[in-house]
Amino acid sequence: MFLLVQRFGELMRKLWNPRNFKAHVSPHEMLQAVVLCSKKKFQITKQGDGVDFLSWFLNALTSALGGTKKNKITIVTEVFQGQMRIFTKKLPHPDLPAEEKEQLLQNEEYQETKLESPFMYLTLDLPTAPLYKDEKEQLIIPQVPLFSILAKFNGVTEKEYKTYKENFLKRFQLTKLPPYLIFCIKRFTKNNFFVEKNPTIVNFPITNVDLREYLAEECQALHKNTTYDLIANIVHDGKPNEGSYRIHVLHHGTGKWYELQDLQVTDILPQMITLSEAYIQEFCEFVYFYIKSMKEG
């Protein structure tokens, strides 16, 4: 795995080298390391899933840099890792009589438990897309505000999770926010037959996304600034297994947004970004971004 760190480091140094002779940089060696270290799970010639790769890549870098389950303090965790509380409550089987359910809920096994857990990114769930067409025989593409799906982490909203044998009710609350916050919008659901994509558009602000209300009260005092600005947006277009990816990136030096797709780079208006089917979003804490920019001159 250290090969992955080495090649990624080389790529970053080439990208940010002010004395670089060439105007372009090839990521080929880095991609070869990805193929080798992932045991061909991710390949150059085959498109993979963006969230799967992101999860593997961040964890692989953390592990290669010396991170362990007990102590995962690396440059990767310092930048991307936050903390959350997970409250879990086991539910009785829905087919049981009401009296038996009430009795079971008194048992210790069915009491709510609390777990402190780190995260590298937050998964946001979309509401179920409509199945019916409108009067013009066109499928309705719904829209949802970002803060509606962020309610999952307010410590109050409960969601049922089903396993093969048991059902659980869970709620989440943030306790620590990282300098760079990644959202992964859950657009794909898999079943035994096919993969289905949810086309819901998420309406999100480009700047000043304040997450203070999602922090536990005792943790809010530890965060002087909880406001984030969007710096990157990954979009998935088309069908689940045949689609393509586009990337929106903020150029901090000029304040302009650019769209990248394969080797094509074009400028784009910020208001156009919010109309896309966002899949992965990266937000930077405003103060952290500002201080880092000042240090770099």
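Residues numbered from 1 in each chain as written. Predicted model: local features only at pLDDT ≥ 70, side-chain atom pairs only at ≥ 80, totals over all residues. Heavy atoms only, no water.

## Some points on the overall build of the protein chain
Helix and strand counts for the protein chain come out as nine helices and 16 strands. Principal-axis analysis of the C-alpha atoms places the extent of the protein chain at approximately 75 × 55 × 40 Å. Expressed as a percentage of its 297 residues, the buried residues of the protein chain come to 39%. Of the contacts formed within the protein chain by residues at least 6 apart in sequence, a portion of 65% connects residues at least 24 apart. Just so you have it, the protein chain exposes about 19,400 Å², and 55% of that area is on carbon and sulfur atoms. Taking the average place of the 37 positive charges on the side chains of the protein chain and the average place of its 35 negative ones, the gap between the two points comes to 8 Å. (Helix = DSSP H or I, 4+ residues; strand = E, 2+ residues; numbered from the N terminus. Buried < 20%, exposed > 50% of the residue type's maximum accessible area, 1.4 Å probe, protein only. Contact = heavy atoms within 4.5 Å. Areas by Shrake-Rupley, 256 points an atom, 1.4 Å probe, with all protein chains shown as cover. Lys, Arg positive; Asp, Glu negative; His and termini not counted. Charge placed at Lys NZ, Arg CZ, Asp CG, Glu CD.)

## Let's talk about the environment of Thr-274
Mapping Thr-274 onto the fold places it in the loop between helix H8 (270–273) and strand S16 (278–285). A sequence separation of 68 residues divides Thr-274 from Ile-206, and the C-alpha atoms of the two residues are 8.1 Å apart. Apart from residues no more than four positions distant in its own chain, Thr-274 is found in contact with Ile-201, Val-202, Asn-203, Phe-204 and Ile-206. For Thr-274, the side chain forms a polar contact with the main-chain oxygen of Gln-271, separated by 3.0 Å. (Polar contact = N/O pair within 3.5 Å; in protein donor to acceptor, adjacent residues only side chain to side chain.)

## Side note on the packing of aromatic side chains
Overall, the coordinates contain 11 aromatic pairs when judged by the stated rule. Ring centres of Phe-153 and Phe-172 lie 5.9 Å apart, and the angle between their planes is 55°; on these two criteria the pair is classed as tilted. Linking Phe-153 in the loop between helix H6 (146–150) and strand S5 (159–162) with Phe-172 in strand S6 (residues 167–176), this pair joins segments that are 19 residues apart in sequence. Owing to a relative accessible area of 2%, Phe-153 belongs among the buried residues under this scheme. Residue Phe-172 is classed as buried on the basis of its relative accessible area, which comes to 9%. Joined through ring pairs, the aromatic side chains of Phe-8, Phe-42, Phe-53, Trp-56 and Phe-57 make up one cluster. Over the aromatic face of Phe-172 sits the side chain of Lys-152, whose NZ or CZ is 5.4 Å from the ring centroid. When the ring centre of Tyr-161 is taken as reference, the NZ or CZ atom of Lys-170 above it lies at 5.6 Å. (Phe/Tyr/Trp six-rings, centres within 6.5 Å; stacked < 30°, edge-to-face > 60°. Lys NZ or Arg CZ within 6 Å of the ring centre and 35° of its normal.)

## Some thoughts on the side chain of Asn-167
Structurally, Asn-167 can be placed in strand S6. Within the structure, the side chain of Asn-167 is placed 3.3 Å from the side chain of Glu-160, a separation counted as a polar contact. Once you skip the residues sitting within four places of it in the chain, Asn-167 turns out to touch Lys-89, Lys-90, Leu-91, Pro-94, Glu-160, Tyr-161 and Lys-162.

## Here we look at the pairing of strand S15 (residues 264–268)
As judged from the five bridges shared by strand S14 (residues 256–261) and S15, these two strands associate in the antiparallel manner. Note that in S15 the partner of Tyr-258 across the bridge is Asp-267. The turn joining S14 and S15, which pair antiparallel and follow one another in sequence, is formed by two residues; a positive phi near 55° is taken by Asp-262. (Pairing = 2+ DSSP bridges.)

## Topic: the packing of helix H1 (residues 2–15) against helix H2 (residues 28–37)
The N-to-C vectors of H1 and H2 enclose an angle of 160°; their axes lie 9 Å apart at closest approach. Between H1 and H2, the interaxial angle falls into the category roughly antiparallel. Handedness of the crossing formed by H1 with H2: left-handed. Along the contact surface, H1 presents Leu-3, Leu-4, Arg-7, Phe-8 and Leu-11, while H2 presents Glu-29, Met-30, Ala-33, Val-34, Leu-36 and Cys-37. (Axes fitted to C-alpha atoms, helices over the stretch in contact; angles between N-to-C directions. Parallel < 35°, antiparallel > 145°, perpendicular 65-115°, else oblique. Left-handed = near helix turned anticlockwise from the far one by under 90°.)

## Quick look at H1
If you check H1, its first and last C-alpha atoms are 20 Å apart, about what 14 residues at 1.5 Å a residue would give, namely 20 Å. Three or more residues of H1 are buried, namely Leu-4, Val-5, Gly-9 and Leu-11. Taken end-on, H1 shows its buried residues confined to a sector of 160°, consistent with a single buried face. Counted as exposed and oriented over 90 degrees from the buried face of H1: Phe-2 and Arg-13. (Expected span 1.5 Å × (residues − 1). Arc of directions from axis to C-beta.)

## Here's the deal with the sheet that holds S5
Strand order in the open sheet made by the four strands is S2-S1-S6-S5, with antiparallel pairing throughout. Single-partner strands in this sheet number two, and they are strand S2 (113–119) and S5. On average, adjacent strands in this sheet sit at an angle of 35° to one another, irrespective of strand direction.

## Here's the deal with a nonpolar patch on the surface
Residues Leu-269, Met-272 and Leu-275 make up a contiguous nonpolar surface patch of about 310 Å² in total accessible area. Mapped onto the elements, Leu-275 comes out in the loop between H8 and S16. Here Leu-275 falls in the exposed class, since its relative accessible area comes to 57%. (Patch = residues over 30% accessible without salt bridge, like charges linked within 9 Å, V, L, I, M, F, W, Y side chains within 5 Å. Salt bridge = Lys/Arg side-chain N within 4 Å of Asp/Glu carboxyl O.)

## Here we look at the nonpolar core
Formed by 31 residues in total, the largest nonpolar core has its most connected members in Leu-146, Leu-174, Phe-183 and Leu-211. Every element with two or more residues in this core is listed here: strand S1 (82–91), strand S3 (122–125), H6, S6, strand S7 (180–186), strand S12 (227–237) and S16. Ignoring any residue separated from it by four or fewer positions in sequence, one finds Leu-211 in contact with Leu-150, Leu-177, Leu-181, Phe-183, Thr-226 and Tyr-228. In this structure, Val-5, Leu-11, Leu-54 and Tyr-279 belong to the second largest nonpolar core, which totals 28 residues. (Core = buried A, V, L, I, M, F, W, Y, C linked by side-chain atoms within 4.5 Å.)

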